Amino acid sequence: MQRVALQDKRENLQQALLRVIARDGIEQATVRNIAAEANINPAAISYAFAGKDELMMSLHLALQADVHDVITQAVKACSTIEEAVAKMAKAYFEHTVRDPDRQRAHMELTLSALARVESREIAKMQYEGYIKQLVDAVSQLDGGCISKADITAIARMGLAIMDGVIIQYLSTHNLSACRKTLNLGIALLVNHCKLLKEQ
């Protein structure tokens, strides 16, 4: 019972932190502001987390888990790399459209990690983790036609396309234009996969 209550407190604080970052920016994510958003006494945060840094890391990890879940669901029932590439990209973009605040907070956390020498490794591990997730998700669909190095390059390019389209969407909210841009990126990746298989 106590463990459930603690987990609820941790999730409540994660959501409060996410709302503060999305609404006011990461520089406003102070203990006082997070506590006010969660409607608790600032001292109560220490019962759930060792401090603000641990709370921020827990949110960072929760958001990374979101990415993994979206990718895992998207590749179910896919039979080719081309199909998986298209479904993963579209699924994650729609995930962003459904909850842009969550995606904006995720990006702010990543950029904040890069801004501090002691946490830069977190951002590196995050992106290396994404690449591994993408490679693992599609490697079994290939049947050996495309090398692991080429699959990794496709994953890196796919991630670069997604980051660009997502930033455009968060900045412009032009859903139609961003979907067209995403579809163009998907077409380029799919055609590249086909060319690799023909070699």
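Everything numeric here is computed off the predicted structure, so don't read it as measured data.

**With respect to the overall build of the protein chain**
Here is step 1: On a plain count of helices and strands, the protein chain comes out with nine helices and zero strands.
Here is step 2: C-alpha atoms of the protein chain, sized along the principal axes, occupy 60 × 35 × 35 Å.
Here is step 3: Counting the 199 residues in the protein chain, one finds 42% classified as buried.
Here is step 4: Accessible surface computed for the protein chain: about 11000 Å², of which carbon and sulfur atoms make up 57%.
Here is step 5: Here the protein chain contributes 23 positive and 23 negative side-chain charges, whose respective centroids are spaced 2 Å apart.

**So, the pattern of salt bridges**
Here is step 1: One pass over the structure, following the stated rule, counts 11 salt bridges.
Here is step 2: The partner of E37 in a salt bridge is R23, with the nearest N and O atoms 2.9 Å apart. Here E37, found in helix α2 (residues 31–38), pairs with R23, found in helix α1 (residues 2–24); they are 14 residues apart in sequence, far enough to count as distant.
Here is step 3: A salt bridge links D53 to R116; the nearest nitrogen and oxygen atoms lie 3.6 Å apart. You can see D53 sitting in helix α4 (residues 52–75) and its partner R116 sitting in the loop between α6 (100–115) and α7 (120–142), a full 63 residues away along the chain.
Here is step 4: Using a relative accessible area of 47% as the deciding quantity, one classes D53 as partly exposed.
Here is step 5: The class of R116 is partly exposed, set by a relative accessible area of 31%.

**Re the packing of aromatic side chains**
Working definition: an aromatic ring pair is given by the centre-to-centre distance plus the angle between the planes.
Here is step 1: Applying the stated criterion to the full structure yields two aromatic pairs.
Here is step 2: Between F93 and Y169, the aromatic rings sit 5.7 Å apart at their centres with planes inclined by 75 degrees, giving edge-to-face as the arrangement. With F93 in helix α5 (residues 81–98) and Y169 in helix α8 (residues 148–172), the pair connects residues that are 76 residues apart, well separated along the chain. This pair shows no difference in class: F93 is buried, exactly as Y169 is.
Here is step 3: An angle of 70 degrees between the planes, with centres 5.6 Å apart, marks the rings of Y127 and Y130 as edge-to-face. Linking Y127 with Y130, this pair stays in helix α7, spanning three residues, or about one helical turn.

**Examining the environment of L114**
Here is step 1: Of note, L114 is situated in helix α6.
Here is step 2: According to the relative accessible area criterion, L114 is partly exposed, its value standing at 43%.

**A short note on the nonpolar core**
Here is step 1: Among the nonpolar cores identified, the biggest contains 41 residues, and I81, A84, M88, F93, M162, I166 and L182 are the most heavily contacted of them.
Here is step 2: Contributing elements (two or more residues each) for this core: α4, α5, α7, α8 and α9 (175–198).
Here is step 3: Considering every element that reaches this core, the biggest residue donor is α8, with 10 residues.
Here is step 4: Residues within four places of M162 in sequence aside, it is in contact with A89, Y92, F93 and L182.
Here is step 5: The next biggest cluster of nonpolar side chains, apart from the first, holds 20 residues, and it includes L18, I21, I26 and A105.

**Some details on the packing of α4 against α5**
Here is step 1: It is the contact of α4 with α5, at a shortest axis distance of 8 Å, that shows an interaxial angle of 135 degrees. The angle between the axes of α4 and α5 places the two elements in the oblique class. When you trace α4 past α5, the crossing you get is right-handed. Counting all contacts with α4, which are made through D66, V67, V70, I71, A74 and V75, the residues of α5 involved are A84, K87, M88, A91, Y92 and H95.
Here is step 2: Partitioned by chemical class, the residues of the contact of α4 with α5 number nine nonpolar, one polar and two charged.

Cut-off values and rules
- Residues numbered from 1 in each chain as written.
- Predicted model: local features only at pLDDT ≥ 70, side-chain atom pairs only at ≥ 80, totals over all residues.
- Heavy atoms only, no water.
- Helix = DSSP H or I, 4+ residues; strand = E, 2+ residues; numbered from the N terminus.
- Buried < 20%, exposed > 50% of the residue type's maximum accessible area, 1.4 Å probe, protein only.
- Areas by Shrake-Rupley, 256 points an atom, 1.4 Å probe, with all protein chains shown as cover.
- Lys, Arg positive; Asp, Glu negative; His and termini not counted.
- Charge placed at Lys NZ, Arg CZ, Asp CG, Glu CD.
- Salt bridge = Lys/Arg side-chain N within 4 Å of Asp/Glu carboxyl O.
- Phe/Tyr/Trp six-rings, centres within 6.5 Å; stacked < 30°, edge-to-face > 60°.
- Core = buried A, V, L, I, M, F, W, Y, C linked by side-chain atoms within 4.5 Å.
- Contact = heavy atoms within 4.5 Å.
- Axes fitted to C-alpha atoms, helices over the stretch in contact; angles between N-to-C directions.
- Parallel < 35°, antiparallel > 145°, perpendicular 65-115°, else oblique.
- Left-handed = near helix turned anticlockwise from the far one by under 90°.
- Nonpolar A, V, L, I, M, F, W, Y, C, P; charged D, E, K, R; others polar.

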